[in-house]
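Structural characterization, general
The lines below spell out each chain.
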Amino acid sequence: MRSLTFTVAAGCLSAGLAMAETPVLTVYAPDYFVSEWGPGPKIEELFEARCACDLQFKPGDLLPRILLEGDRTEADVVIGLNTDVTKKARESGLFAPHGVDLSPLTLPLEWTDEVFLPFNYGHTAFVYDTTRIDTPPASFDALLDAPDDLRLVIQDPRSSISGLALVLWVQAVYGDGAEAAWDKLAPKIVTATKGWSESYGMFTDGEVDMVLSYTTSPAYHIIAEGDETKKAAIFPEGHYFMVELAAKLAGTDQPELADQFMSFVLSEDFQGMIATGNWSIPAALSQDKWPEGFQKLDLPEKVLFYTEDEAAELRAEAVEAWRRALSR
Amino acid sequence: MLRLEDLQVAMDASALKVDLALPPGRRVALLGPSGAGKSTLLDAIAGFRVATQGRILWQGRDLTQSRPDARPVSILFQDSNLFPHLTLARNLCLALHPDGRRPDDEANARIEGALRRVGLEGMADRKPGTLSGGQQGRAALARVLLMARPVILLDEPFAALGPALKREMLDLVREVGESLAALVVMVTHDPRDAAGWAQDVVFVAEGVAHPPVPTDRFFGDPPQAFRDYIGEIG
Amino acid sequence: MAARALAVSAALALAFLTLGPVAVVLARAGGFATLGPGDWQAVRFTLWQALLSASFSVVLAVPVAKALARRRFVGRALLVTLLGAPFILPVIVAVMGLIAVFGQAGLVNAGLTALGLPTIDIYGVHGVVLAHVFFNLPLAVRMLFSAWQAVPAEHFRLAASLGLGVQAQWRVIDGPLMVRVLPGAFTVIFVICLTSFAVALTLGGGPRATTVELAIYQAMRFEFDLGRAAALAVLQLALALAAGLVALRVSGQSGFGAGRDREVPRWDGQGALPRLWDGAWILLAALFLLVPLLTAVMRGVPGLLLLGPDTLRAAGHSLMVALGSTALCMAWALPLASRRGELLALPAIAISPLVLGTGLFLIVRPFMNPFDMALPVTGLVNALMALPFALRILRPEAETVVRDYGRLRTTLRMTPLAWLRLVWLPRLRRPMGFAAGLTAALAMGDLGVIALFADPDRTTLPLQVYRLMGSYQMEAAAGAALLLLMLSLSLFWLFDRGGRVNAAT
């Protein structure tokens, strides 16, 4: 009896020790990642199956939080960064090279960044409802020349990443004529919301005809709702490239696990799941392996993108041109 | 003896000057026109107003700097003498136990006794809102009885009552004062109240509270300022 | 003396929590950054829209509150409760509801089109003001309504027996009441509107409607320019304090004498015209406030079926936070229910939530893991943000109690505890119920500082709404928002009702 008690106690103790020794990988992720509809739970499940570790998401602000915490940050890895912050992030010196072989990438442009690793992408696009618009503008020029009763909703470039991407998109297409382009667009813009959610809500409620969103948005409606009436208007002038990135913290106390996670990001497990997990195009998966709904998407031939240095140089003036034109 | 020595109390635009003494156990009426400073004087005795000059003494003890709750005084205001949301028992119990505890058997017996003395037997569980004005005055007096302090101040608490009812209340005040052997000081602007009830009259007019005069002598040979006041009210 | 010590420590805690975070952010930034011309333009717009919003809210509240105070009709109590709902609605839900009514494809325009009339456009300064009035009119109405109810019946009886006309009654009763209540109500609403952000952006129609809070957001999240964020936050605080000081000067202290706790029967406004007038105002207010609410409910009903376990757990967390915030806020408010306390609390709603969150993050971080503190910090911040409203509601009544019974308390030599237990709390039950209900509802709906303190396992319901929207789950989000609305309203109703049932009679 006594020996049995002892055995059980020892068993519990060793189990407890094993628990305590399970290494923890702390991952900072955007808020929507961790909801039951976001990609977080799937990433956690897949990665924990191969790492004998405990992956813990800490949702919320990404770079602001890391910059506030400095080198005392708890984060080992951060996932969900956008290109608008990579320059600031790189200059902080808080991030380490990812060391992942980039040859599997299937992005529409060349990517050689050694610190920030893409995991999915899309493009800015105006999304519309085919039941309300028969013939969408066939080009950006056509959009500018569309009658002023075409109602658009966009996001504010000062508070929203997609809003900023739109401003850079217009800059890339029209260059010095960007402000004139905004002048033509202004009467059609109903409002510029704080974030993407408000805009998209207005669109699904029928308040506007077109919403600034992503080329991948229709995939959600096709796959989750069986609804093929939502489409992205594709413009021959090109669409601005939007990519989401992961990066490893230089000060991580779990360097092996962090490295393992970074390679996992480009693995087929991760890439196969991310399309429907995050409603974006996988960064390293050939098109024939995309889910069916994604294969039906209209995608642009031409992709526009500014490097972080170019963007940093253009950004202030591009936003100011937007502000001037829309304030008139 | 309640001594008010060379006392000066600030009023809205002027000041009230007082220099007088009131012996224990007396009934004193503060008589005078509206705005003369009767209530101001009462407030100064009770400690709600600070004297700018002079001293207040009770039985030789200096009260001038004492806080209102440290003075041997109970006061009835013109209104709001009872908490409307508490029963009479809880209201009266505050006189016995300022910590607000519920009345125990002994306290209940004393409360019931006090209510009987003022003619409110069996009404301990009523709230003030369910009583008439006269009954509310009686309840407040019952509390004064329980507080059992040697100085009782009344700031026209019965002004709103009819003449007959008011006389009844004044009789009750006399009883309460006598049973406590307390000095009772009552503000009134009605000479008839003073004549029928008070032993002494302190006439307050034009910024001065005159020393007390026995009631008979006061009304037998009224001062000129009082005649003017009477003349005014007709 | 004990009461004074309590008031001082409550005030110190308040000052530490409002000014501390700004100071910490400032220290971290190494000083203020200078503001650009765009920032000053944002300041001008912010002031202008806040001024308009607060003015319209209080001016329109007068006839509505007066009508509600002097009319008896079936469903009046329910209407009074429901009219409070917009104030506690999550911003995004309310904005969607307003768009569904006043937007291009909204009910109003559908009606106008059907009648062959030109349509209206909600987007612009007028849209921002409309939304702010929608949020804050109920608050102003409730404040006035409570004040009218606190007028002793004797005053109306006197007015009736004197046969006072409309103008005379206005001078004698209503006018002084306005002077007492309106400046405070105006200030609170003005200050709320100072920190407006998402409403101004969505309905403002573009960068013309740039507010200071947007500039702070931009500085904080996009440019990591803490110096600029701190400078803007201090500016916002200064504006709020200036407004508060002006309001304190304008509003007199005069109140009404102690009533006798009787139901207030009214004799005024018995003619056909006054009845029609009051009826019209009640109807208009009900339509304006309840129709957008109703659309939010309709949108949410199908989504209720999509609520997952995550959302239900989030609802549980939010309830916990709301109840904790309410208890804290009440304990905090009672010792501060004075003019000085109210002024001191004003910064709590004027301080940018972003700067507050960042400051708290910097303060907490050296000692504790911010993630573990998510719910406690949210509860604390919600209590802090609700404090000015609680004080606005409690202060006039608290002062009345002191004025009416302070001398009786002294002469009875009541102990502080006896005063608190037997007089203070029972006499303040009605406003406390209202204040607690408001706090609970606000704490249910407020996002607070969660962006830096998020805990994946302890999400609150409003955050869940945003997460669902961010994952294309618009319908589920509407359902979760409806759940949030129902819970907020239930809490509000329970507390408010609890304060009124058998209150101090």
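Cut-offs used in this document
Residues numbered from 1 in each chain as written. Chains lettered and ligands numbered in written order. Predicted model: local features only at pLDDT ≥ 70, side-chain atom pairs only at ≥ 80, totals over all residues. Helix = DSSP H or I, 4+ residues; strand = E, 2+ residues; numbered from the N terminus. Rg over C-alpha atoms; globule rule 2.2 N^0.38 Å. Buried ≥ 20, exposed ≤ 12 C-beta atoms within 10 Å, placed from the backbone. Contact = placed C-beta atoms within 7 Å. Domains from an automatic or database assignment. Nonpolar A, V, L, I, M, F, W, Y, C, P; charged D, E, K, R; others polar. Pairing = 2+ DSSP bridges. Expected span 1.5 Å × (residues − 1). Arc of directions from axis to C-beta. Core = buried A, V, L, I, M, F, W, Y, C linked by C-beta atoms within 7 Å. Axes fitted to C-alpha atoms, helices over the stretch in contact; angles between N-to-C directions. Parallel < 35°, antiparallel > 145°, perpendicular 65-115°, else oblique.

It is worth spelling out the overall build of chain B at this point. Within chain B one finds 8 helices and 11 strands. Its C-alpha radius of gyration of 18 Å places chain B within 12% of the 17 Å reference for a compact globule of 234 residues. Its C-alpha atoms give chain B principal-axis dimensions of roughly 55 × 40 × 30 Å. By the burial criterion, 46% of the 234 residues in chain B qualify as buried. Considering only residue pairs separated by 6 or more positions, chain B has 67% of its internal contacts joining residues 24 or more positions apart.

Bringing the domain arrangement of chain B into the picture now. Residue and element names in this part refer to chain B. Domain boundaries assigned for chain B yield domain 1 (2-72 + 149-233) and domain 2 (83-147). Centre-to-centre, using C-alpha coordinates, domain 1 lies 26 Å away from domain 2. Between domain 1 and domain 2, the contact holds 11 residues from the first and 10 residues from the second. Here the element with the most residues in the side of domain 1 that touches domain 2 is helix 5 (residues 163-180); it accounts for 5 residues. Residues that form the side of domain 1 that touches domain 2 fall into these classes: 10 nonpolar, no polar and 1 charged.

On to unusual backbone geometry, then. Both trends apply: most residues other than glycine have a negative phi, and most peptide bonds are in trans. Residue and element names in this part refer to chain B. If you check the backbone angles, Glu156 has positive phi at about 50 degrees while not being a glycine. By the secondary structure assignment, Glu156 is in the loop between strand 7 (151-155) and helix 5. Taking the number of C-beta atoms within 10 Å as the measure of exposure, Glu156 has 20 and is therefore buried.

The next thing to look at is the interface of chain A and chain C. Residue-level contacts link 41 residues of chain A with 46 residues of chain C. Only strand 2 (54-59), helix 3 (63-69), strand 7 (189-193), helix 8 (196-204) and helix 13 (308-327) of chain A provide two or more residues apiece to the side of chain A that touches chain C. Here the residues of the side of chain A that touches chain C are counted per class, giving 15 nonpolar, 11 polar and 15 charged.

Glancing now at the pairing of strand 6 (residues 73-76) of chain B. Where a strand is regular, its side chains alternate between the two sheet faces. Residue and element names in this part refer to chain B. The alternating pattern of strand 6 places Val73 and Ile75 on one face and Ser74 and Leu76 on the opposite face, and all of these are buried. Pairing geometry for strand 6 and strand 7, over 4 bridges, is parallel. Bridge pairing in strand 7 places Ile75 opposite Leu153.

The next thing to look at is helix 3 (residues 105-117) of chain B. Residue and element names in this part refer to chain B. The terminal C-alpha atoms of helix 3 lie 18 Å apart, and with 13 residues this matches the ideal 18 Å at 1.5 Å per residue to within 8%. Within the sequence span of helix 3, burial applies to Ile111, Ala114 and Leu115. The arc that holds every buried residue of helix 3, seen down its axis, measures 100 degrees, which confines them to one face. Exposed residues on helix 3 whose side chains face more than 90 degrees from its buried face are Asp105, Glu106, Ala109 and Arg116. Contacts made by the buried residues of helix 3 are with helix 2 (88-96) and helix 4 (133-147). Remark: Gly119 follows helix 3 within two positions and exhibits a positive phi of approximately 80 degrees.

This part covers the interface of chain C and chain B. As a measure of interface size, the accessible area lost when the parts come together is often cited. The interface is formed by 23 residues belonging to chain C together with 21 residues belonging to chain B. Secondary-structure elements contributing two or more residues to the side of chain C that touches chain B are helix 18 (374-412) and helix 19 (416-427) of chain C. For the side of chain C that touches chain B, the per-class residue count stands at 11 nonpolar, 4 polar and 8 charged.

A few words now on the nonpolar core. Within the largest apolar cluster, 351 residues are counted, with the highest numbers of intra-cluster contacts made by A:Val78, B:Leu30, C:Ile189, C:Ile216, C:Ala333 and C:Leu387. Broken down by element, this core gets its largest block of residues, 18 residues, from helix 18 of chain C.

A few words on the packing of helix 6 (residues 161-174) of chain A against helix 13 of chain A. Residue and element names in this part refer to chain A. Relative orientation of the contacting elements helix 6 and helix 13 amounts to 95 degrees, with a least axis distance of 9 Å. With respect to each other, helix 6 and helix 13 are oriented roughly perpendicular. Of helix 13, the residues touching helix 6 (which contributes Val167, Leu168 and Gln171) are Ala311, Leu314, Ala318, Val319 and Trp322. Taken together, the residues of the contact of helix 6 with helix 13 sort by class into 7 nonpolar, 1 polar and no charged.

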